[in-house]
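# An overview of the molecular structure
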Amino acid sequence: MDFKLSKEQELLRDGLTKFLSTRYDLEKSRSVVKTGAGWRPEIWRAFAEELGILGATLPEDVGGTGGGPVELMVITEALGHALVIEPYVDTMVVAGGLLRRAGGEEATSLLEKIVAGTAIVALAATEAESGDRWQDVVTSAERDGDAWILQGRKAVAMSAPLATHLLVTARAPDGVSLFLVDVEAAGAGLSLTGYRTIDDRRAADLVMDGLRLPTRSLIGEAGQALPSLEQARDEGAAAICSEAVGCMRKVLADTVEYCKQRQQFGVSIGSFQVLQHRMVDMYIELEQAVAAVFLAVLHLEDKAEVRARSVSAAKATVGRAARFVGQQAVQLHGGMGMTEELAIGHYFKRLTAMQFEFGTTDHHIGRYAQLSRAAEVAPQTVESAERSHSRKLSRSPRSFDSPAS
Amino acid sequence: MDLQWSAADAAFRDEVRNFLDKKLTPELRTAGRLMTSVYADHDASMKWQRILHERGWAAPAWPVEYGGCEWSLTQHYIFSRESTLAGAPSLSPMGIRMVAHAIIAFGTDEQKDYFLPRILTGEVFFCQGYSEPEAGSDLASLSMSAVDDGDHLVSTGSKIWTTHAREANWMFGLVRTSRGQKKQHGITFVLIDMRSPGIGIRPLVMTSGEEVQNQVFFDEVRVPKANVLGDIDDGWTVAKYLLEFERGGGASSPALQVMAEEIATAAAEIPGPGGGVLIDDPAFARKLADAHIRTEVLEILEYRVLAAVAEGKNPGAASSMLKVIATELSQTLTEMAMEAAGPRGRAYQPHATRPGGPVTEFEPPPDGYVSGEPWQAVAPLRYLNDRAGSIYAGSNEIQRNILAKAALGL
């Protein structure tokens, strides 16, 4: 067992961290949210051209660097630490994964654009009728000669207002399918209303009223989108779990520093035992979240039920940690923690939103329970889980370091 | 001992309902329902106060001779619950529920005659000047100075977390007139005319984007000694008296029960994680039931404290306990409302709400588009604003310190 990063992974982390600490200013990024476009294209270009992280987990044949879940973890944690609002997870992880698994000419050419930083792709899967249950799609897709006609609505499609392309789920005669929509070419059949989210990102509601798409817009096989969607959701969840760890590291460090400096009753408030214990509890939650991210990341390429169970364990753990650490960071900062004047308020909002994205904490606890039960009913699943686990171990037998080393 | 309402109580409830039916305009109801914090839209709140005042119900808890009502505790509770249920906007607590009680207890006849009727009509609108940047939980270490200058005190310094400082025309606050051995000595309770020269106000933008709180700066502001409440250097006595009203003077359970009921209604329509609606999700249903149980228990606790107060007893440490329970329960409920709002609970849509102060750094989407229902826009803002509950009026850590000492003798 080995929790060490490779030399390359360390370089990736250090390069990105350095870039963000010198070039990514919290105040500037918040002001583009409030009065500007909602993101900074020059940062995105730098992600593509200077850092090369827009293809971090995409294969080399589309220009990517072919990294795996560990690279994803390293990058998203750094992005979380700097509270980056640009749509990295939505485009590179969620849409990138869906396109890569679908394959085909359209998907491949779009992947190349994602890597180059010229395409922003957002998934529109959530509907008001089904909330977070992406499998219960009401939006319909009908064949009409050599076109597809989409009819329906999507709610809170994250990053959609910034997107050049949308991946839209719809129910075709064969079942749930995935369609690629070029936003500029969509015409009057698509209307998109964008708005801010509480964590200073952008989302949109979509109305597709007879949206006419060419045949090639069907991505992957008709009716076969669900397994890939499930995987995209797991990968998105794992990525924001790691992002949350970055946020929490920053929030805990800021809180400890504030409590050392803030004087009340003639002493620093950090000298009060009740606050010390609170911060220790925040630290314990954070360390569990770090471990949970490893759990998710190291099983992200396993078979579906192993992956799903690990991701649910991680999302539930990180959700609980994000809630406690975020809320207590505000509490310990007092009124200042509730303002826009310190970083803490901004991080708190992101840590709040994360608890609900890609499935709520309760959803993931429920899914974990279901998957565990299914594993008991069908013992061969457990065996296969164990097999895959031991495979993982035998693949990285380099050292037996403790997590602390 | 009994928990039943008498026939007279039922008749009173009908009278209140009837009044609310007639007098709460749709506009006021909207302002009440779409509140994003404990503070209603200022104009709506003042409008409602004037209507209540016409009926003699603006300050039911005051002594009758100053314009209060001769209500039983049950009647106070009924009034509070019915008002919340009907969606009435809240009244600012600073005047009616706080400083007025100090004026009644410590004021001169001139102060009572001037302020009390004007607080009732809304002509005088108070904000509170307690906390300072370096004196929050440790309130008694406040340092805003007030120097004796004949008939005046001349005050210089700064107050922070001043709710509605821009809307208020008066402030009640604590200033430092001398420094004794104990920091509680030498504090004076003053009433400051906000139109006095030398006052500057900086709004604080909260995480909800709302500007309800402010920092207020004082540069040699002249305060007539006639506006000192109680004795010079003995303001801590007045402040302590008031803090107990702030912490335990009202009943929170009616509003919390309404919140729990509204969440249940919403959760019966919102899709749940496992198919069906959210209220069918056992995890959510249990959490909501747990919160509901806590509101029922809080109601009885509040009754017991109110009953003691009605007998002329000081609520003392019990008000600290009620503050802790009520604010933490409110935080639980606002969090559940956000969960019930589903994905739309993450949309930032202040234009669909009626916040307690302006939201300036925000441009609504075209045609004022709202994703989902207005309550879904309210939910996240309430969640964010409600984090203040465990911070303001003496943080819950401070309340637990008080309880350790006063209730357990530790």
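Rules used throughout
- Residues numbered from 1 in each chain as written.
- Chains lettered and ligands numbered in written order.
- Predicted model: local features only at pLDDT ≥ 70, side-chain atom pairs only at ≥ 80, totals over all residues.
- Domains from an automatic or database assignment.
- Contact = placed C-beta atoms within 7 Å.
- Nonpolar A, V, L, I, M, F, W, Y, C, P; charged D, E, K, R; others polar.
- pLDDT = per-residue confidence, 0-100.
- Helix = DSSP H or I, 4+ residues; strand = E, 2+ residues; numbered from the N terminus.
- Expected span 1.5 Å × (residues − 1).
- Buried ≥ 20, exposed ≤ 12 C-beta atoms within 10 Å, placed from the backbone.
- Arc of directions from axis to C-beta.
- Core = buried A, V, L, I, M, F, W, Y, C linked by C-beta atoms within 7 Å.
- Pairing = 2+ DSSP bridges.

### Some thoughts on the domain arrangement of chain B
One widely used convention gives an interface's size as the accessible area the parts lose upon coming together. Residues and elements named next belong to chain B. Here chain B is described as being made up of domain 1 (7–91), domain 2 (126–239) and domain 3 (251–406). On a C-alpha basis, the centroid separation for the pair domain 2 and domain 3 is 30 Å. The interface is formed by eight residues belonging to domain 2 together with 14 residues belonging to domain 3. Residues belonging to the side of domain 2 that touches domain 3 are distributed by class as follows: two nonpolar, four polar and two charged.

### A look at the confidence of the model for chain A
In this model, chain A carries a mean pLDDT of 92, and residues with pLDDT of at least 70 account for 93%. Contacts from residues 381–405 of chain A, a stretch scored under 50 in pLDDT, to residues over four places away or in other chains number 20 contacts.

### Things to note about helix H6 (residues 109–121) of chain B
Residue and element names in this part refer to chain B. With 13 residues, H6 ought to run about 18 Å at 1.5 Å a step, and its terminal C-alpha atoms sit 19 Å apart, in line with that. If you check which residues of H6 are buried, you get Phe 115, Leu 116, Ile 119 and Leu 120. The buried residues of H6 occupy one face: seen down the axis, they fall within an arc of 125°. The outward face of H6, more than 90 degrees from its buried face, is lined by the exposed residues Glu 110, Asp 113 and Thr 121. Next to the buried residues of H6 lie helix H3 (42–55) and helix H5 (93–106). One or two residues past the end of H6 sits Gly 122, with phi positive at roughly 95°.

### Some points on the nonpolar core
All names here are of chain A. Core analysis: the biggest nonpolar cluster contains 235 residues, and Ala 122, Leu 167, Phe 179, Cys 241, Ala 244 and Val 293 have the highest contact counts within it. Element by element, the count of residues in this core is highest for helix H7 (residues 226–261), at 13 residues. Excluding anything up to four places from it in sequence, Ala 122 contacts Pro 87, Asp 90, Thr 91, Ala 95, Ala 157, Met 158, Ser 159, Ala 160, Ala 163 and Leu 166.

### With respect to the pairing of strand S1 (residues 126–129) of chain B
Residue and element names in this part refer to chain B. Here S1 shows no split at all, with Phe 126 and Gln 128 on one side and Cys 127 and Gly 129 on the other all buried. Two elements, S1 and strand S4 (residues 170–176), share four bridges in a ladder whose sense is parallel. Bridge pairing links Phe 126 to Trp 170 in S4.

### Things to note about the interface of chain B and chain A
Between chain B and chain A, the contact holds 37 residues from the first and 39 residues from the second. Of the residues that constitute the side of chain B that touches chain A, the class distribution is 18 nonpolar, 12 polar and seven charged.

### A look at the domain arrangement of chain A
Residues and elements named next belong to chain A. Taken domain by domain, chain A consists of domain 1 (7–120), domain 2 (123–219) and domain 3 (226–395). Computed over C-alpha atoms only, the centres of domain 1 and domain 3 are separated by 21 Å. Contacts between the two partners involve 21 residues from domain 1, matched on the other side by 23 residues from domain 3. When residues of the side of domain 1 that touches domain 3 are traced back to their parent elements, those giving at least two are helix H2 (26–35), helix H4 (69–81) and helix H5 (88–102). Ranked by residue count, the leading element in the side of domain 1 that touches domain 3 is H4, at 10 residues.

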